[in-house]
Structure formats: C-alpha cells, structure tokens
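Chain by chain, the residues run as shown.
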Amino acid sequence: GGGAGFIAVWLQRHREKYVCATRHRFVLSIREGSVDLSSFRRWLGQDYIFVREFVPFVASVLLKGWKESDSEMDVEVILGGMASLHDELSWFKKEASKWDVQLAAIVPQRANRDYCSFLHGMTDSEVDYTTAIVAFWAIETVYQESFALCLEDGSSTPAELLGTCERWGNAGFGQYCQSLRDIAERCLQNASADVLRKAEEAFTQVLEHEVNFWNMSNHDM
Ligand code: HMH
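Residues numbered from 1 in each chain as written. Predicted model: local features only at pLDDT ≥ 70, side-chain atom pairs only at ≥ 80, totals over all residues. Heavy atoms only, no water.

## What about the pattern of salt bridges?
Argument step 1. Under the defined criterion, the tally for this structure stands at nine salt bridges.
Argument step 2. Linking Glu208 and Lys17 is a salt bridge whose minimum nitrogen-to-oxygen distance equals 2.9 Å. Here Glu208, found in helix H10 (residues 193-216), pairs with Lys17, found in helix H2 (residues 15-22); they are 191 residues apart in sequence, far enough to count as distant.
Argument step 3. By relative accessible area, Glu208 is classed as partly exposed at 37%.
Argument step 4. The shortest N-O distance in the salt bridge between Arg197 and Asp194 comes to 2.5 Å. Taken as a pair, Arg197 and Asp194 lie in helix H10 at a separation of three residues, close to a single helical turn.
Argument step 5. Take Arg197: its relative accessible area is 55%, and that puts it in the exposed class. (Salt bridge = Lys/Arg side-chain N within 4 Å of Asp/Glu carboxyl O. Helix = DSSP H or I, 4+ residues; strand = E, 2+ residues; numbered from the N terminus. Buried < 20%, exposed > 50% of the residue type's maximum accessible area, 1.4 Å probe, protein only.)

Below, the structure written as structure tokens:
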C-alpha cells in the first residue's frame, strides 16, 4: 500500500533475480558483439518451441480477461499480443532458414520443457486472471528489457542480430509491456492477500525460468 505499486515493490524485493533474468551473460555477449553463433542458433531453435507453447497460454489469459475483467481494454491489449505472436512465428521460420536451423528437428531441452509446463499449469481455470496477467507481463518484459539493452548507445550488437534485438527491444514492444504492467497493477490493487501471494510467486517463477532458459544457450550448463 502507500505510494509505490505492487509491481514496483516486487521489482525491488526480487531485484537480484530480476537482474539475472534481464542482464544474462548470453544477452550481454550479444550486446558486446562476442556472442557465440552456435549459442544464438541454439537459443533460436529453443525459443521457437517456447513461442509455440506460449500461444495457448496467451489465449488462456485472453479468455480469463474476457471473463473476469471489467475493462474492455484488457482484451484488446492481449489480442494485440496474440497478433504479434502470429507474426513472430513467421519470423522464427524465416530467421531459422537464414541461420540454417532445422526447426522440425529441434528437441526441447529440460529448461524449456519445465518452462512450458509452468505455462501449461497457468492455463488451468483455477488460476486467477491476476496471477496469469502478472506472469504474462513478466515473460514479455524480461525479453523487452534484455533486448533493449542490446540496442542502447554504446552496444556492439552484430548487425545480423539487430533484427532479433529490435523484435523485442523496440519502443512499441516497450509500450505494450507498459500496458500489460498497467493492467497487472490494476488487478493487483483489487486482489486478495491470497491472490497477491500467488501472483508474486508467479513473478519470481518466471524470472527463474527465464534465467534457466538463457542458460540453455551455453553448452556447458
Ligand atoms: C523464453 N521468454 C522466452 N521467450 C520469449 N519469446 C519471450 C519470453 C517473449 O515473448
């Protein structure tokens, strides 16, 4: 309560985890231009599988929002997210052929399977809209913050990776993440103590899954 919103408080409380998720060494290696291209190709293939699984999760958030929200804006924002996922899947196919990644042959690794089963759990009708929209906001925001870092002045991102970084790091995607945050914060302001606890837990779980996901890009982990 008081001045700061719930999300602002959580970002402080879980700052260490948040920084690990948004400034991972894989992302920093893109930013520094030292990225190992086999790591990038591994990330690309795994993320394509993730995004395919992300679609039904986002659809479930849309359905919860449609049922539970009193604001029509929520459905429009989530629908915009779904539309960009449609575009993203085509982008992955194009990008995979550019990098000679055979998407049909990709086997999801452990961290990816764990993250996808977390998403699947979130689609349960027992999971409330507030918790689901918080998870959704956090998932999108980790990518937005990470890739925006690679576009900042002073970064040395290789030219052939700029398209990837722009996909999630662009200002429009940042605005979309802000809209998700506004929706999530509004839901949290009206939530019970029980829901607040579940939503905070979902937030920290997303951060852990994101770190594990980035870790996959490294051979030795
Ligand atoms: C692992 N997290 C992961 N992949 C993504 N594409 C996003 C977040 C953002 O959509």
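## Digging into the site of the ligand
Argument step 1. The environment of the ligand is made up of Asp47, Phe50, Val51, Phe54, Glu88, Tyr115, Ile139, Glu140, Tyr143, Trp168, Glu210 and Phe213.
Argument step 2. One of the side-chain N or O atoms of Asp47 is found 2.7 Å from a nitrogen atom in the ligand.
Argument step 3. Contact distances for the ligand include 3.2 Å between a nitrogen atom and a side-chain N or O atom of Tyr143.
Argument step 4. If the ligand stood free it would expose 280 Å²; the protein chains cover 100% of that surface.
Argument step 5. Looking at the shell around the ligand, the elements with two or more residues in it are helix H4 (37-68), helix H7 (129-149) and H10.
Argument step 6. The residue inventory of the shell around the ligand, partitioned by class, reads eight nonpolar, no polar and four charged. (Near = heavy atom within 4 Å. Polar contact = N/O pair within 3.5 Å; in protein donor to acceptor, adjacent residues only side chain to side chain. Areas by Shrake-Rupley, 256 points an atom, 1.4 Å probe, with all protein chains shown as cover. Nonpolar A, V, L, I, M, F, W, Y, C, P; charged D, E, K, R; others polar.)

## Thoughts on the environment of Ala159
Argument step 1. Checked against the element boundaries, Ala159 lands in the loop between H7 and helix H8 (162-169).
Argument step 2. When the C-alpha atoms of Ala159 and Trp91 are compared, they prove to be 17 Å apart, with 68 residues separating the residues in sequence.

## Points about the state of the cysteines
Argument step 1. Counted according to the given criterion, the structure contains zero disulfides.
Argument step 2. No disulfide involves Cys20; its sulfur sits 16 Å from the nearest other cysteine sulfur, which is in Cys150.
Argument step 3. Cys177 supplies the cysteine sulfur nearest to Cys116, a cysteine that is in no disulfide, at a spacing of 19 Å.
Argument step 4. The class of Cys116 is buried, set by a relative accessible area of 10%. (Disulfide = S-S within 2.5 Å.)

## With respect to the nonpolar core
Argument step 1. With 72 residues, the main nonpolar core has Trp43, Phe50, Phe54, Phe57, Ile133, Phe136 and Phe203 as its most contacted residues.
Argument step 2. Residue contributions to this core peak at 12 residues, all from H7.
Argument step 3. Residues contacting Trp43, with those up to four places away along its chain left out, are Phe26, Tyr143, Phe147, Thr164, Trp168, Phe213, Trp214 and Ser217. (Core = buried A, V, L, I, M, F, W, Y, C linked by side-chain atoms within 4.5 Å. Contact = heavy atoms within 4.5 Å.)

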